[in-house]
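# Summary of the model geometry
Below, each chain spelled out in residue letters.
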Amino acid sequence: PRQSRTIVYGTVLHFLRDPGTQPDPQAWQLFDPGALVVGADGHVEWVGAEQDVPPELGNGATPIDHRGNLVVPGFVDAHIHASQVDVIASYGEQLLQWLQKYVFPAEKAFSSAEHSRMISGLFLDTLLAAGTTTATVHPTVHKTSVDAFFQEAQARGMRMLAGKVLMDREPYAPPDLKDASVQQAEADTRELIDRWHQKDRLTYSITPRFAPSSTEQLLQMVGRLYHERPDLWLQTHAAENKEEVDTVHQLFGGRSYIDVYDRYQMLGNRSVYAHSIYIDDQDRTRLSQTGSSIAFCPTSNLFLGSGLFDLDAARGAGVRVGLGTDIGAGTSYSLLATLNEAYKVLALQQQKLPAMRGFYLATLGGAEALYVSDRIGNFQVGKEADFTVLDWAATPVLKRRMDVAKDFQERLFALMTLGDERAVRATYVLGQRKYDRPAGVQLPS
Ligand code: GUN
Ligand code: ZN
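Residues numbered from 1 in each chain as written. Chains lettered and ligands numbered in written order. Predicted model: local features only at pLDDT ≥ 70, side-chain atom pairs only at ≥ 80, totals over all residues.

### Some remarks on the domain arrangement of the chain
Along its sequence, the chain is organised into domain 1 (6-73 + 381-436) and domain 2 (75-369). Each of domain 1 and domain 2 has a C-alpha centre, and the two are 29 Å apart. Contacts between the two partners involve 29 residues from domain 1, matched on the other side by 29 residues from domain 2. Of all the secondary-structure elements, those providing two or more residues to the side of domain 1 that touches domain 2 are strand S1 (6-15), strand S4 (62-73), helix H15 (408-418), strand S15 (424-429) and strand S16 (432-436). If one sorts the elements of the side of domain 1 that touches domain 2 by residue count, H15 sits on top with six residues. Here the residues of the side of domain 1 that touches domain 2 sort into 15 nonpolar, eight polar and six charged. (Domains from an automatic or database assignment. Contact = placed C-beta atoms within 7 Å. Helix = DSSP H or I, 4+ residues; strand = E, 2+ residues; numbered from the N terminus. Nonpolar A, V, L, I, M, F, W, Y, C, P; charged D, E, K, R; others polar.)

This is how it looks when you write it as structure tokens:
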């Protein structure tokens, strides 16, 4: 049975807009000590300083004491593969060879409903343990993988976006991991949309894998469906790796990789292009004009040796950008660990990532990139109360660094740089605790 109203006590931080790279205190709200009031329906009723909680909300509410910890909106992962749990940390290849050698064999196993269910559950519990409450997710080409993923997400009450992977062109769609035809791919997609789209907190995203695994007819179908159904989302990969970009040019021609997707009418609101490393100003202008988003996936881009994403150019052009872990090319489920690597990717380009912008990207920025910021991403009244409680002193290294830090920004930057799953004290979905780690206990290895 649902409890009544709850009041969460702790240091509360959330964002109203992108703080950018220069201090912009209007972009965030920090309440220390703060309080977050969550209604019986799991929505935010009030946020502010602890001493200002209105008495009519406070009376009879259940207190949850996270004082001394940092309470932030649940992390948003703007690009991840539920099918690549077993692929993480696979040695020695760049994108196209890595797909053939490791990813495609692992994805074949998702023809089994039992395997799909087992991995989806493990995947979602791992996200919760990393403080992530919303993600846009690639399962596999199999309908079973989508059914299992949405079932498990629904059972946990999580806001999730996903869709059947579409792939029909060899060799980047291997013969036994391929849509039988464009007609069948469309029929399967429509069936899954009917079954899952906008059921509870689930959203269907049309998911062509990437251009090299797509025939022209497949991309035509994707563009047609996306325009026929303006209530649907779209996700794919773009311009991640130089050899991939050359392949796309050979297969499709066009001015650029983004231009190929543009030709098939795939750009627009609610669309997310993972990576987008090898793009130019014309591409950025098109992405921005059309309301298309980019998922910046630094651990993946470094692990596969793909390249360095230019965040300042994308944000400067007005493109929405979220952070993606891109498991299993990425090397951590934690958006804190992802921010640590993002900082270094930007440092190599003489760009800066202040902690406030980092936490914006991991929360409201991700929600804006995924077009779900009307529901989640910060603690504005009425939003769904998904939040993560972070432990400043989860490890001896963190604890010592916090002891010598002179102000909040310095502490937040140390948490962003040194933190990972160990810093996640608890994760709440619609105001209910879905993950809990006793203070001081290290994660099992
Ligand atoms: N491009 C096409 N498929 C994939 C994938 O599974 N992972 C990554 N990182 N890039 C891709
Ligand atoms: Zn990916």
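Having put the structure on the table, let's press on.
### Considerations on the sheet that holds S4
Judged by pairing direction, the sheet is mixed, and its seven strands sit side by side in the order S3-S2-S1-S4-S14-S15-S16 without closing on themselves. Strand pairing shows two members of the sheet lacking a second neighbour, strand S3 (44-49) and S16, which therefore form its edges. Between one strand axis and the next, the sheet turns through 35° on average, direction left out of account. (Pairing = 2+ DSSP bridges. Axes fitted to C-alpha atoms, helices over the stretch in contact; angles between N-to-C directions.)

### Overview of unusual backbone geometry
A cis amide bond, omega 5°, links Asp-32 with the succeeding residue Pro-33. Of note, Pro-33 is situated in strand S2 (residues 28-38). Cis geometry is found at the peptide bond from Glu-170 to Pro-171, where omega equals 0°. Position of Pro-171 among the secondary structure elements: in the loop between strand S8 (165-166) and helix H5 (182-196). Phi angles above zero are rare outside glycine, and Ser-276 is one such case at about 45°. Looking at where Ser-276 falls in the secondary structure, it is placed in the loop between strand S11 (271-275) and helix H9 (281-290). The backbone of Tyr-371 shows a phi angle near 55°, a positive value even though the residue is not glycine. Within the secondary structure layout, Tyr-371 lies in the loop between helix H13 (355-369) and strand S14 (387-390). Note on Tyr-371: 19 C-beta atoms within 10 Å, which makes it partly exposed. (Buried ≥ 20, exposed ≤ 12 C-beta atoms within 10 Å, placed from the backbone.)

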